[in-house]
Structures are given as C-alpha cells and as structure tokens.
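Results of the structural survey
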Amino acid sequence: MTIISSPLGEAESKLAGEALQGTLVELIDISLVAKQYHWNLVGPRFRSLHLQLDEIVAITRAHADTVAERSVAVGVNPDGRAQTVASAHGPGTGAAGWVADKAVVQGMVRILRASGGRLRERISALSEADPVSQDVLIAVARDLDKQAWMFEAQAAEAG
Ligand SMILES: [Fe+2]
C-alpha cells in the first residue's frame, strides 16, 4: 500500500531505500557498540575514550534519524527494529565484559573504516539514482571518517 508517494521513480526509490536501510542498521549498530564500550572500557585512557564513545553515540543516533527520515521521504519504510539490526551483519564487539582501552581503539578503527568503505559503495550507487539521498550518506561518511581518524591517531605512535 502506497501511503507516501516518492519523488523518485520505482527503480530509483528501491535503490535509495536499500542504501538508506543498509546505512540505518549500521548506524544503530555502531551506536550500540559505542555504548557497550563506553560502559565496559578499562585502562589508563578510560576518561578520554569514555567521552569520545558518547560522541560517537550522539553522531550515529542523529544520522540514523536523518537517514530513516530520508527513506520515508522517498516512500520506503525504514526498519530500525532490534531484530532487524541483530540479523544484519553487524560490526560486533567481541565478548561481553571488560574491554581494554587499546582494544576499544582498535575495535572502533576497524568498525568505522569498514563502515566507511560500505558507505562509499552506497554513495557511488546513488550518483544517478538519487543525489539527494547520496548527499545524506556523504554527510554520514564525512563524520565517520573524522571519528576513524581520531581513533587511529590514538593508536599511532609518532616518529
Ligand atoms: Fe554514560
């Protein structure tokens, strides 16, 4: 049943909807991973990482809302249900329990870089189909790249 019409053609809506849905579940997943680390982190860098992880939560939640609302605007229902996120191939956090600061940094770099790569594929796929949805994903990629850099800087040694 079509309740919200789409400004796009059927094929373009489908492509945009898939790209937005894939990004939505990933953003929700990253926000959950970041909270899990935020709570279970231990080590000398606890304080700075604890705060940075909450920045990730805020950024990913805000983008998730924008991405989901763009999906509705092109006539595709977003699906952010827990079971949908859980059944997607998520980034994973490893085992439950304490996690060392170094492992958190490595984990976040891995997750953010992998997500950035998938975003780039979706961004390319939308060049023709829907540059407006593409623009939404570009904004997500820009923020995730920035956060990946900030975690990588903590893992690196100068010299
Ligand atoms: Fe907190």
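None of these values were measured; they are calculated from a predicted model.

1. Here's the deal with the packing of helix H1 (residues 10-40) against helix H4 (residues 101-129)
Remark: H1 packs on H4, axes separated minimally by 10 Å, with the N-to-C direction vectors making an angle of 170°. Regarding the angle of H1 to H4, the classification is roughly antiparallel. Each residue belonging to the contact of H1 with H4 can be placed in one class, and the counts come to 15 nonpolar, four polar and four charged.

2. So, the side chain of threonine 60
Tracing the backbone through its elements, the reader meets threonine 60 in helix H2 (residues 46-73). Of the polar contacts made by the side chain of threonine 60, one reaches the backbone oxygen of isoleucine 56; its length is 2.7 Å. Excluding residues within four positions of it along the chain, threonine 60 makes contact with Leu27, Ile30, Ser31 and Leu144.

3. A short note on the nonpolar core
A general trend in soluble globular proteins is that nonpolar side chains are found buried together. Counting 40 residues, the largest nonpolar core has Leu53, Val67, Met108, Leu112, Leu137 and Phe151 as its most contacted members. Broken down by secondary-structure element, the contributors of at least two residues to this core are H1, H2, H4 and helix H5 (131-155). Among the elements that line this core, the one with the most residues is H1, at 11 residues. Ignoring sequence-local partners within four residues, the contact set of methionine 108 consists of Ile30, Val33, Tyr37, Leu53, Ile56 and Phe151.

4. Describing the pattern of salt bridges
Side chains bearing opposite charge may pair, as long as their charged atoms lie close to each other. In the structure shown here, the tally under the stated rule is nine salt bridges. For arginine 70, the salt bridge is made with aspartate 130, and the minimal N-O distance between the two is 2.9 Å. With arginine 70 in helix H2 and aspartate 130 in the loop between H4 and H5, this pair connects stretches of sequence that are 60 residues apart. The class of arginine 70 is buried, set by a relative accessible area of 16%. With its nearest N and O atoms 2.9 Å apart, the salt bridge here joins aspartate 79 to arginine 81. One salt-bridge network, in which partners are shared between bridges, spans Glu26, Arg118 and Arg122.

5. Considering the packing of H1 against H5
Between two packed helices, the angle of one axis relative to the other and the distance separating the axes together describe the packing. Axis separation between H1 and H5 bottoms out at 10 Å; the angle between their running directions is 25°. Regarding the angle of H1 to H5, the classification is roughly parallel. Between H1 and H5 the crossing geometry is left-handed. Between H1 and H5, the contacting residues are Ala16, Ala19, Leu20, Thr23, Leu27 and Ile30 on the first element and Ser133, Leu137, Val140 and Leu144 on the second. Residue classes in the contact of H1 with H5 are distributed as eight nonpolar, two polar and no charged.

6. Quick word on H5
For the α-helix, the turn length of 3.6 residues means that residues three or four positions removed from each other point alike. In this model, H5 (25 residues) spans 35 Å end to end at C-alpha, consistent with the 36 Å of a helix rising 1.5 Å per residue. What H5 keeps buried is the set Ser133, Gln134, Val136, Leu137, Val140, Ala141, Leu144, Gln147, Ala148 and Phe151. Here the buried face of H5 lies against H1, H2 and H4.

Cut-offs applied
Residues numbered from 1 in each chain as written. Predicted model: local features only at pLDDT ≥ 70, side-chain atom pairs only at ≥ 80, totals over all residues. Heavy atoms only, no water. Axes fitted to C-alpha atoms, helices over the stretch in contact; angles between N-to-C directions. Helix = DSSP H or I, 4+ residues; strand = E, 2+ residues; numbered from the N terminus. Parallel < 35°, antiparallel > 145°, perpendicular 65-115°, else oblique. Nonpolar A, V, L, I, M, F, W, Y, C, P; charged D, E, K, R; others polar. Polar contact = N/O pair within 3.5 Å; in protein donor to acceptor, adjacent residues only side chain to side chain. Contact = heavy atoms within 4.5 Å. Core = buried A, V, L, I, M, F, W, Y, C linked by side-chain atoms within 4.5 Å. Buried < 20%, exposed > 50% of the residue type's maximum accessible area, 1.4 Å probe, protein only. Salt bridge = Lys/Arg side-chain N within 4 Å of Asp/Glu carboxyl O. Left-handed = near helix turned anticlockwise from the far one by under 90°. Expected span 1.5 Å × (residues − 1).

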